[in-house]
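Chain by chain, the residues:
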Amino acid sequence: MSNFGSGNQGIAATIPVMVIAERFAASEEQLARALIMSHLGAIYIKSHYLPLSAFCGNTVTSAAASMAMVYLAGGSFKQSCFASQNVLSDSAGLMCDGAKASCAMKVSTPSGAAVRGFLMALNSHSVSGQGSVAGNVDQMVKEGMSATDTTVIDIMSA
């Protein structure tokens, strides 16, 4: 249950999607498609990261999981985009401090945001055009915490 080399991110990409699949009585094929969407969506978003980033991978993994949840509920592509934006708006400030117990604890925060983002998106509500997400999720992920990266590396190296 790993995603992009991270077990914690694998949990974030998998467990919430499986819970929603059970809730909506999804078929095995629908569950497989949703898990593929969740994992590949997370990998796509993380492909925009700088080589070393303070941006928490569980956040973007949960954003991808939220899109997969919308799929399982029969939502539209637009609603899936809303879900992703909602999650990133809710928990984009979560800072990565390396894979350890604190990382495992951080799975719960964006996973909760994934459920909230999913529920908002199903009602066609989106936090878009404002805040850190504005209109360009890719740019926010790539540049969103670049000024923080150096500081975090300095703290972790001390």
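Keep in mind that what you see is a predicted model, and the values were worked out from it rather than measured. Every chain is numbered independently, its residues counted from 1 as its sequence is written. The predicted origin of the model limits local features to residues at a pLDDT of at least 70 and limits the giving and counting of side-chain atom pairs to 80 or more, whereas totals for whole chains, interfaces and linings rest on all residues. Side-chain figures throughout are based on the complete set of non-hydrogen atoms in the structure, without hydrogens or water.

1. Quick notes on the overall build of the protein chain
Okay, so step 1: A tally of regular secondary structure across the protein chain gives eight helices and zero strands.
Okay, so step 2: Secondary structure is summarised from DSSP: a helix means a run of H or I of at least four residues, a strand means a run of E of at least two, and numbering begins at the N terminus for each. Seen in sequence order, the protein chain has helices and strands lined up from the N terminus as α-α-α-α-α-α-α-α.
Okay, so step 3: Taking all 158 residues of the protein chain together, the buried fraction comes to 44%.
Okay, so step 4: Working note: accessible area of the protein chain is about 7900 Å², and carbon and sulfur atoms make up 61% of it. Classification of residues uses two cut-offs on accessible area relative to the type maximum, computed with a 1.4 Å probe and protein chains only: under 20% is buried, over 50% is exposed, and between them is partly exposed. Reported accessibility uses the Shrake-Rupley method at a 1.4 Å probe radius. Residues are deemed covered only where the shown protein chains occlude them.

2. Re the packing of helix α1 (residues 7–23) against helix α2 (residues 28–46)
Okay, so step 1: Each axis is a line fitted through C-alpha atoms, and for a helix only the stretch in contact is used; angles between axes span 0 to 180 degrees, taken between their N-to-C directions. Running from N to C, α1 and α2 point in directions that differ by 150 degrees, and their axes come no closer than 10 Å. Judged on the interaxial angle alone, α2 and α1 are roughly antiparallel. Between α1 and α2 lies a crossing whose hand is right-handed. Counting all contacts with α1, which are made through Gln9, Gly10, Ala13, Thr14, Val17, Met18 and Ala21, the residues of α2 involved are Leu31, Ala34, Leu35, Ser38, His39 and Lys46.
Okay, so step 2: In this classification, the charged set is Asp, Glu, Lys and Arg, the nonpolar set is Ala, Val, Leu, Ile, Met, Phe, Trp, Tyr, Cys and Pro, and all remaining amino acids, among them Gly, are polar. Looking at the contact of α1 with α2 residue by residue, the class counts come to seven nonpolar, five polar and one charged. When describing relative orientation, an angle under 35 degrees is termed roughly parallel and one over 145 degrees roughly antiparallel, while 65 to 115 degrees is termed roughly perpendicular and anything else oblique. Left-handed describes a crossing whose near helix is turned anticlockwise from the far helix through less than a right angle; right-handed describes the clockwise counterpart. Contacts are assigned to residue pairs with any non-hydrogen atoms lying within 4.5 Å of each other.

3. Describing the side chain of Gln79
Okay, so step 1: Along the chain, the position of Gln79 falls in helix α4 (residues 77–91).
Okay, so step 2: Taking relative accessible area as the criterion, Gln79 reaches 13% and is therefore assigned buried.
Okay, so step 3: The contact partners of Gln79, leaving out residues within four places of it in the chain, are Val70, Ala121, Leu122 and Ser124.

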